[in-house]
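# Inside the fold
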Number of protein chains: 2
Amino acid sequence: MNGADLLCETLLANGIDTCFANPGTSEMHFVAALDRQPRIRCILGLFEGVVTGAADGYARMAEKPAATLLHTGPGLANALANMHNARRARTPMINVVGDHASYHLKYDAPLTSDIDGLAAPMSDWVGRVTDADTMGETTEAAIRAAMTGQGQVTTLILPADAAWSETSAPMPQAIALPEPKAPDAALVAKAAEMLGNGQKTVIFVSGRALRAKALEVLQRIATKTGARFMAQGSNGRVERGAGRVAIERVPYPVDQAVAALAGTEQAILIGAKAPVGFFAYPGKPGSMLPEGCEILDMVEKETDLFAALQALADAVGAGEEIPLVLNELKRPDAPAPGPLTPEAVMTSVVRHMPDQAIICDESVTSGRNFFPLAHSAPAHDFLQLTGGAIGEGIPMATGAAVACPDRKVIGLQADGSGMYTLQALWTQAREQLDVVTVVFANRKYQILLGELKNVGANAPGENASRMLDLDKPELKWVELARGMGVDAVSVDTAEAFEAAFADAMTRKGPFLIEALI
Amino acid sequence: MNGADLLCETLLANGIDTCFANPGTSEMHFVAALDRQPRIRCILGLFEGVVTGAADGYARMAEKPAATLLHTGPGLANALANMHNARRARTPMINVVGDHASYHLKYDAPLTSDIDGLAAPMSDWVGRVTDADTMGETTEAAIRAAMTGQGQVTTLILPADAAWSETSAPMPQAIALPEPKAPDAALVAKAAEMLGNGQKTVIFVSGRALRAKALEVLQRIATKTGARFMAQGSNGRVERGAGRVAIERVPYPVDQAVAALAGTEQAILIGAKAPVGFFAYPGKPGSMLPEGCEILDMVEKETDLFAALQALADAVGAGEEIPLVLNELKRPDAPAPGPLTPEAVMTSVVRHMPDQAIICDESVTSGRNFFPLAHSAPAHDFLQLTGGAIGEGIPMATGAAVACPDRKVIGLQADGSGMYTLQALWTQAREQLDVVTVVFANRKYQILLGELKNVGANAPGENASRMLDLDKPELKWVELARGMGVDAVSVDTAEAFEAAFADAMTRKGPFLIEALI
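Everything numeric here is computed off the predicted structure, so don't read it as measured data.

Right, let's talk about the overall build of chain A for a bit. Check the secondary structure of chain A and you find 20 helices and 17 strands. Its C-alpha atoms give chain A a radius of gyration of 24 Å, within 12% of the compact-globule value 24 Å for 517 residues. Along the longest, intermediate and shortest principal axes, the C-alpha atoms of chain A span 65 × 60 × 45 Å. Expressed as a percentage of its 517 residues, the buried residues of chain A come to 64%. Residue pairs at least 24 apart in sequence account for 82% of intrachain contacts in chain A once pairs closer than 6 positions are excluded. Just so you have it, chain A exposes about 16700 Å², and 51% of that area is on carbon and sulfur atoms. In chain A, the 43 positive side-chain charges and the 60 negative ones have mean positions that sit 4 Å from each other.

Written out as structure tokens, the structure is:
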């Protein structure tokens, strides 16, 4: 057994059996070891942003990390943006980054770079294997770090000689994972006191507090105490739709967020961060809460959020006798025929999406109405771009489909963001994943045209237009998708989208609809 | 005038008039400032790897830096791999990375990350603007750093509030750029002594020592002293072809490199690094030079390489009276009809490439024979992947075509690498650049299949095949190109490639040929 074999065995002993990969020469012994391990499923991405975006989507649904295989510093660099998103979603992930053999680093060969330095900003944990004999324990440390709290992004640097050297280390066993922390009684008592003092209070939640059962507890707390509750603006995963509790998100535009939170005197955070502007704007506030609002962070990173909610419910006397108000299934009517609009797209999606669909949302401006409209859609999971690093949508849908092969995955995808990591479509084709991608083809960075207006600029001139419009030439998503083995259609009317989407829901396998809006 | 205007004016005052860009909200004031500056040409890339790869190709040909515009940490992360390549090519580059307004950083908004930390591993210089008033001097420091030595990669971090704040700083003037250093007389004397002591000596060159005039001086030194000379394995730019001096490169495979350098007793480095293995392999040497070989690095980073060569020629008495042996133009015969091979592709390229073509090579395994075959091709520039971070080829060709609109750019592109940054084809279409991309579609990571064999693995099994083959489904480059507005054909015979390539040379504008080999 060499070091690479020991790495594979350590992953498998701990239930990590999926590896999204884009290898290079320095990882060839790891590739050979994976080849000896058919229990690990290796999935190729044709770009590293695909690899980590898929690992993120996978872990959000599988509730356990995938491994990734990345090639030296530049391979890691390409992977960082979606590691950033994963970190903001608190996704567990184990990135294995190959490096030169340790004795080769002194030559500063062309691919040499400071991998540890690159990894640090987008990793919660970085470790470097020193030799084959300690491969197991370093890998176990990465797994433990990845499974800390709701999840962490970890980077394990694997020198080639540690992979290829023989070791007589014993076969690894499953390790004890970090236990979630029980909620802090004093913080729960403080929150309960705030909920009883008559002040206007909002409870902000994110992470596992957005699972269906947790939201039921949260709604009972709110019903009992009169508090409001709200999800963070961006969340890794929300269980929602018919039969579940409706929850709103903090709006993205600053003015809307400030208006939504006006009058709030107290904020209680349970897995969420206090709401702030996604960006700063001259003369606008950075915090979305009114000045003087008291903020209590009721949990720590390692706290079990469901237990925290239950403890709070107990403290305020919000038991199961309090009736729940759950969303009812309501399929909208077909959209009116005519030119295709984002609203018509949303309507058809909610009309036809099956029960237990997984929605992967990177629709940016075009899809903002989906969230309110889909309260009454069939029960579904809603996965979202969490870190603002565009290029996550198609990979995330890819990974979610790997995790949940029996559920339909629907990607709501802006065209500008989609171009960042369109290579993920090829992985969908290769793995025959059940993903329907809806591309909102508005042929511009619409959000930025809005922001340009916000900064007080007049109508964009030549230079601004050439940086914010995606026309001249227009992207043809049907050809792009077919070029990667994914069948596709392009539609420009509400009735054509309605028919195409309804049809897509009846079939298995990857498909793409270009919605010309 | 706000800080962003001052940034634009400072770039323009120093002749920097091209900006490859992919902006976001935090750079909107910079976009508005660029919109007020029609003298700056803004070129959109649909992914940041396109942006920096194009800036690299541009500067290699323009001999001055382009600016880039990148959006916060994740935008920079996506740009890093081609910054790594640029750094290895000693390319001047000024990356402007937008960040949140300084006072907004404390909120840790979703896109917040450690931009300085991310930039450091792939930048020769990193600076952060503190306010609008000092924008000019910080930008000047970046320009000075970029123009140090042969060129450096610089990252200028631009907080949004420094961009939007008004300033009364004076209009900037052109700054004095760092003077190249004169060669060190003692080092030159030492090198001359080595060349006269009868030992077997190889002079290794790279960078500007690979321009036509420099190579003539080098050849005369070699003729006079009996030394050999050789280029680094990977180089930013070589002026070569008919009427120029032939120079070989250090071979990529370790065994070939060791064989080529066997018996070498002394190595003199002029802008090159001592030859080392691109990767480490068990039981093979890291240095390609024999043990005990004496190595003299004759120059410093800032040394003028042409002056260094001339000083050495003077010291050994290698004057212009020594006749040069220059490549003669020889167009090969048409390849024999039949199934398409890499060799047939090369033959047709050398048969039909016009004078002063710019070859951008990321052909990895398929194109290795181009270099020796093209000694007798018409005079051309040869630009190469320098840092081993694949995904540079199509962007580099894009940037080279922006720099040299009157010259034909020919991209020799492996399919696996091409998929990394295929979005650059759209920029070629938008800017109507005169680039013909030849994709070697072998539908595998061929180099890695070879490396897997090298590590002693048997025939690849399921997992290895699924990580190293690019089939199932096959990529269709014609559809991918057309999806981005670039016309394309696919050919699978030598005669069809010969006809398609000859035809492509008669037309202007972007075109792609998928060579099914």
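On we go from here.
Before going further, it helps to examine the UniProt feature "domain: Thiamine pyrophosphate enzyme N-terminal TPP-binding" (unreviewed entry) in chain A. As annotated in UniProt, the feature "domain: Thiamine pyrophosphate enzyme N-terminal TPP-binding" (unreviewed entry) corresponds to residues 1–106 of chain A in the numbering used here. Regarding residues 1–106 of chain A, the helix share stands at 48% and the strand share at 19%, and the terminal C-alpha atoms are separated by 28 Å.

Moving on to the interface of chain B and chain A. Counting residues at the interface gives 100 residues for chain B, matched by 100 residues for chain A. Surface buried jointly by chain B and chain A totals about 8300 Å² across both partners, of which 64% is contributed by carbon and sulfur atoms. Viewed at the interface, chain A and chain B are joined by eight salt bridges. Close ionic contact of A:Glu431 with B:Arg466 constitutes a salt bridge, the shortest N to O distance being 2.9 Å. Here the side of chain B that touches chain A gets eight residues from one element, more than from any other, and that element is helix 4 (residues 72–88) of chain B. Grouping the amino acids of the side of chain B that touches chain A by side-chain chemistry returns 54 nonpolar, 27 polar and 19 charged.

Working note: non-glycine residues mostly have negative phi, and peptide bonds are mostly trans. Of note, the amide linkage connecting A:Lys472 to A:Pro473 takes the cis form, showing an omega dihedral of 0°. Tracing the sequence through the fold places A:Pro473 in the loop between helix 18 (462–468) and helix 19 (477–483). Phi angles above zero are rare outside glycine, and A:Lys472 is one such case at about 55°. Its relative accessible area of 61% is what places A:Lys472 among the exposed residues. Of note in the backbone geometry, B:Thr72 takes a positive phi value of approximately 50° without being a glycine. Residue placement: B:Thr72 occurs in helix 4. Of the residues examined, B:Thr72 reaches a relative accessible area of 1% and is grouped as buried.

This part is about the pattern of salt bridges. If the charged atoms of two oppositely charged side chains come close together, the side chains can form a pair. Tallying each qualifying case throughout the model produces 57 salt bridges over all chains. Between A:Asp471 and B:Arg430 there is a salt bridge whose closest N-O contact spans 3.9 Å. In this pair, A:Asp471 sits in the loop between helix 18 and helix 19 while B:Arg430 sits in helix 16 (residues 424–430), so the two residues belong to two different chains. What makes A:Asp471 partly exposed here is its relative accessible area of 24%. Across the pair B:Asp56 and B:Arg60 runs a salt bridge whose closest N-O atoms are separated by 2.9 Å. On the criterion of helical spacing, the pair formed by B:Asp56 and B:Arg60 is a turn pair, its members being four residues apart in helix 3 (residues 48–62). Connected via shared salt-bridge partners are A:Glu63, A:Arg211, A:Arg237, A:Glu239, A:Asp381 and A:Arg407.

Following the UniProt record, one finds the feature "domain: Thiamine pyrophosphate enzyme TPP-binding" (unreviewed entry) at residues 384–514 of chain A. Spanning residues 384–514 of chain A, this segment combines 44% helix with 18% strand, and its end C-alpha atoms are found 20 Å apart.

Residues and elements named next belong to chain A. In terms of burial, helix 1 (residues 3–13) is largely enclosed, as ten of its eleven residues are buried. Those residues of helix 1 not exposed but buried are Gly3, Ala4, Asp5, Leu6, Leu7, Cys8, Glu9, Thr10, Leu11 and Leu12. Next to the buried residues of helix 1 lie helix 2 (28–35), strand 3 (67–71), strand 4 (93–99), helix 6 (135–146), strand 6 (153–159) and helix 7 (160–164). Sitting at the head of helix 1, Asn2 places a side-chain oxygen 3.0 Å from the backbone nitrogen of Ala4.

Moving on: the domain arrangement of chain A. Residues and elements named next belong to chain A. The assigned domain composition of chain A is domain 1 (3–164), domain 2 (185–316) and domain 3 (342–516). Computed from C-alpha atoms alone, the centre-to-centre distance between domain 2 and domain 3 is 29 Å. Across the boundary between the two partners, domain 2 contributes 19 residues, which contact 20 residues of domain 3. A combined buried area of about 1700 Å² lies between domain 2 and domain 3, and 45% of that area is made up of carbon and sulfur atoms. A per-residue breakdown of the area domain 2 buries against domain 3 is headed by Arg240, Arg249 and Tyr252, which together make up 36% of the total.

What relates the two chain copies is a rotation about an axis together with a slide along it. In screw terms, the move from chain B to chain A is a rotation of 180° and a rise of 0.0 Å along the axis, fitting with an RMSD of 0.0 Å. Expressed as an axis order, the relation between the two copies is that of a two-fold axis.

It is worth spelling out the environment of B:Trp164 at this point. Checked against the element boundaries, B:Trp164 lands in helix 7 (residues 160–164). With residues up to four places along the chain from it excluded, the contact list for B:Trp164 reads A:Ala280, A:Tyr281, A:Pro282, B:Asn2, B:His29, B:Ala101 and B:Tyr103.

Residues and elements named next belong to chain A. Relative to the helices and strands, Thr167 is located in the loop between helix 7 and helix 8 (185–196). Thr167 sits in the buried class, given a relative accessible area of 10%. For Thr167, the side chain forms a polar contact with the side chain of Asp133, separated by 2.7 Å. Sequence-distant contacts of Thr167, defined by excluding residues within four places in its chain, comprise Met1, Asn2, Gly3, Leu6, Ala132 and Asp133.

Let us look at the sheet that holds strand 1 (residues 18–21) of chain B. In a beta sheet, neighbouring strands are held together by backbone hydrogen bonds and run either parallel or antiparallel to one another. Residue and element names in this part refer to chain B. Spatially, 2-1-3-4-6-5 is the arrangement adopted by the six strands of the open sheet, whose pairing is parallel. For this open sheet the edge positions go to strand 2 (41–44) and strand 5 (125–128), each flanked by a neighbour on one side alone. Neighbour-to-neighbour, the strand axes of this sheet turn through a mean angle of 20°, independent of strand direction. Across four bridges, strand 1 lies against strand 2 in parallel orientation.

Residues and elements named next belong to chain B. Within the open sheet, the seven strands sit side by side as 9-13-12-14-15-17-16. Their pairing is mixed. With one partner strand each, in any of the chains shown, strand 9 (238–240) and strand 16 (487–491) form the two edges of the open sheet. Direction aside, neighbouring strands of the sheet carry axes that sit 20° apart on average. In this sheet, strand 13 (residues 380–384) lies alongside strand 12 (residues 357–362) in parallel orientation, the contact comprising five bridges. What sits directly across from Cys360, in strand 13, is Leu383.

With that settled, consider the pairing of strand 4 (residues 93–99) of chain B. All names here are of chain B. Within strand 4, seven of the seven residues are buried, which leaves the element mostly enclosed by the surrounding structure. Side-chain alternation along strand 4 places Met93, Asn95, Val97 and Asp99 on one buried face and Ile94, Val96 and Gly98 on a second face that is also buried. At this point the chain moves from strand 3 (residues 67–71), through helix 4, to the parallel strand 4, and the crossover so formed is right-handed. Pairing of strand 4 with strand 6 (residues 153–159) involves seven bridges; the strand directions are parallel. The residue of strand 6 that forms the bridge with Asp99 is Pro159.

So, about the packing of aromatic side chains. Within this structure, the stated rule accounts for 15 aromatic pairs over all chains. Between A:Phe20 and A:Tyr58, the ring centres sit 5.9 Å apart and the planes meet at 70°, which makes this aromatic pair edge-to-face. Here the residue A:Phe20 occupies a position in strand 1 (residues 18–21), and A:Tyr58 occupies one in helix 3 (residues 48–62), the gap between them amounting to 38 residues. For the residue pair A:Phe20 and A:Tyr58, the accessibility class agrees, reading buried in each case. In this structure an aromatic cluster arises from ring pairing among A:Phe47, A:Tyr420, B:Phe47 and B:Tyr420. Over the aromatic face of A:Phe371 sits the side chain of A:Arg249, whose NZ or CZ is 4.0 Å from the ring centroid.

How each quantity is defined
Residues numbered from 1 in each chain as written. Chains lettered and ligands numbered in written order. Predicted model: local features only at pLDDT ≥ 70, side-chain atom pairs only at ≥ 80, totals over all residues. Heavy atoms only, no water. Helix = DSSP H or I, 4+ residues; strand = E, 2+ residues; numbered from the N terminus. Rg over C-alpha atoms; globule rule 2.2 N^0.38 Å. Buried < 20%, exposed > 50% of the residue type's maximum accessible area, 1.4 Å probe, protein only. Contact = heavy atoms within 4.5 Å. Areas by Shrake-Rupley, 256 points an atom, 1.4 Å probe, with all protein chains shown as cover. Lys, Arg positive; Asp, Glu negative; His and termini not counted. Charge placed at Lys NZ, Arg CZ, Asp CG, Glu CD. UniProt positions renumbered as here; feature names shortened; annotations may be inferred. Buried area = accessible area lost by both parts, 1.4 Å probe. Salt bridge = Lys/Arg side-chain N within 4 Å of Asp/Glu carboxyl O. Nonpolar A, V, L, I, M, F, W, Y, C, P; charged D, E, K, R; others polar. Polar contact = N/O pair within 3.5 Å; in protein donor to acceptor, adjacent residues only side chain to side chain. Domains from an automatic or database assignment. Least-squares fit on C-alpha atoms with pLDDT ≥ 70 in both. Pairing = 2+ DSSP bridges. Axes fitted to C-alpha atoms, helices over the stretch in contact; angles between N-to-C directions. Right-handed = clockwise from strand over helix to strand, strands pointing away. Phe/Tyr/Trp six-rings, centres within 6.5 Å; stacked < 30°, edge-to-face > 60°. Lys NZ or Arg CZ within 6 Å of the ring centre and 35° of its normal.

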